[in-house]
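Close look at the chain arrangement
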Amino acid sequence: MKVSVSLNINGSLALFEVESDERLVDTLRDKAGLTGTKVGCGIGECGACSVLMNGKLVASCLVLTASADGAEITTVEGLGRDGQLSDLQKAFVDEGAIQCGYCTPGMLMASAYLLARYKRPTTAQIRHGLAGNLCRCTGYTKIISAIRKTARKRSIRRSGR
Ligand code: FES
Ligand code: FES
């Protein structure tokens, strides 16, 4: 059965006709053309499909698009502004936190969510925040460095130093 769904994706309203069992990740990738969001396991285990839905981190492979009607969705494409990478994305590049890159969009979304909750997260808080995101390449150390660096720079900017 087809269902009409409206989503606010990265600040733009979009309307979709979807099957009632269509997954949000498939709507984002196949209908909205936002292929930054990846599919890894498809069962909520790897975090590659992570997006923000109404400000909360979700595995979009576990969300039915029909159930997201009216939601605000942020994907990795929505992190930067005016074609520029966000400070967090730049830190991932600068710290070498990306190897094959398959986990990276999900890692960025989990990191963005973490930094929205904690201005200066501890290493334990970062590890906990990334617990749902698997990376088979980097060993996580550089990802953690990138998050710490972003938090540090934002803190300096806030204090005007
Ligand atoms: S693809 Fe969704 S958690 Fe792995
Ligand atoms: S960079 Fe390859 S899975 Fe994380």
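Residues numbered from 1 in each chain as written. Chains lettered and ligands numbered in written order. Predicted model: local features only at pLDDT ≥ 70, side-chain atom pairs only at ≥ 80, totals over all residues.

What follows is about the sheet that holds strand S1 (residues 2-9). Judged by pairing direction, the sheet is mixed, and its five strands sit side by side in the order S2-S1-S5-S3-S4 without closing on themselves. Looking at strand neighbours, the two that pair on one side only are strand S2 (12-19) and strand S4 (56-59), the edges of this open sheet. The mean inter-strand angle of the sheet, taken between neighbouring strand axes irrespective of direction, is 40°. Bridge count between strand S3 (residues 50-53) and strand S5 (residues 72-74): two bridges; the pairing is antiparallel. Paired with Leu-52 across the bridge in S5 is Thr-74. (Pairing = 2+ DSSP bridges. Helix = DSSP H or I, 4+ residues; strand = E, 2+ residues; numbered from the N terminus. Axes fitted to C-alpha atoms, helices over the stretch in contact; angles between N-to-C directions.)

Here the focus is the packing of helix H2 (residues 87-94) against helix H3 (residues 104-117). Contact geometry of H2 with H3 gives a least axis separation of 10 Å together with a crossing angle of 125°. Between H2 and H3, the crossing angle belongs to the class labelled oblique. Our pair here, H2 against H3, has a crossing hand that is right-handed. Residues Leu-88, Gln-89 and Phe-92 of H2 form the contact with H3, whose participating residues are Thr-104, Leu-108, Ser-111, Ala-112 and Leu-115. Across the contact of H2 with H3, the residue classes break down as five nonpolar, three polar and no charged. (Parallel < 35°, antiparallel > 145°, perpendicular 65-115°, else oblique. Left-handed = near helix turned anticlockwise from the far one by under 90°. Contact = placed C-beta atoms within 7 Å. Nonpolar A, V, L, I, M, F, W, Y, C, P; charged D, E, K, R; others polar.)

On to the domain arrangement of the protein. By the assigned domains, the protein splits into domain 1 (2-78) and domain 2 (87-155). The C-alpha-based centres of domain 1 and domain 2 are spaced at 22 Å. Opposite the 13 residues of domain 1 that make contact, domain 2 presents eleven residues. The element best represented in the side of domain 1 that touches domain 2 is S3, accounting for three residues. In the side of domain 1 that touches domain 2, the residues fall into seven nonpolar, five polar and one charged. (Domains from an automatic or database assignment.)

Ranked by size, the top nonpolar core spans 45 residues in total, and within it Leu-7, Phe-92, Met-107, Leu-108, Met-109, Ile-143 and Ile-147 carry the most contacts. Elements represented by at least two residues in this core include exactly S1, S2, helix H1 (24-31), S3, S4, H2, H3 and helix H5 (141-159). Broken down by element, the residue count for this core peaks at six residues, all from H3. Both domain 1 (2-78) and domain 2 (87-155) contribute no fewer than three residues apiece to this core. Setting aside its immediate chain neighbours within four residues, Ile-143 contacts Ala-97, Met-107, Leu-130, Cys-135 and Thr-138. (Core = buried A, V, L, I, M, F, W, Y, C linked by C-beta atoms within 7 Å. Buried ≥ 20, exposed ≤ 12 C-beta atoms within 10 Å, placed from the backbone.)

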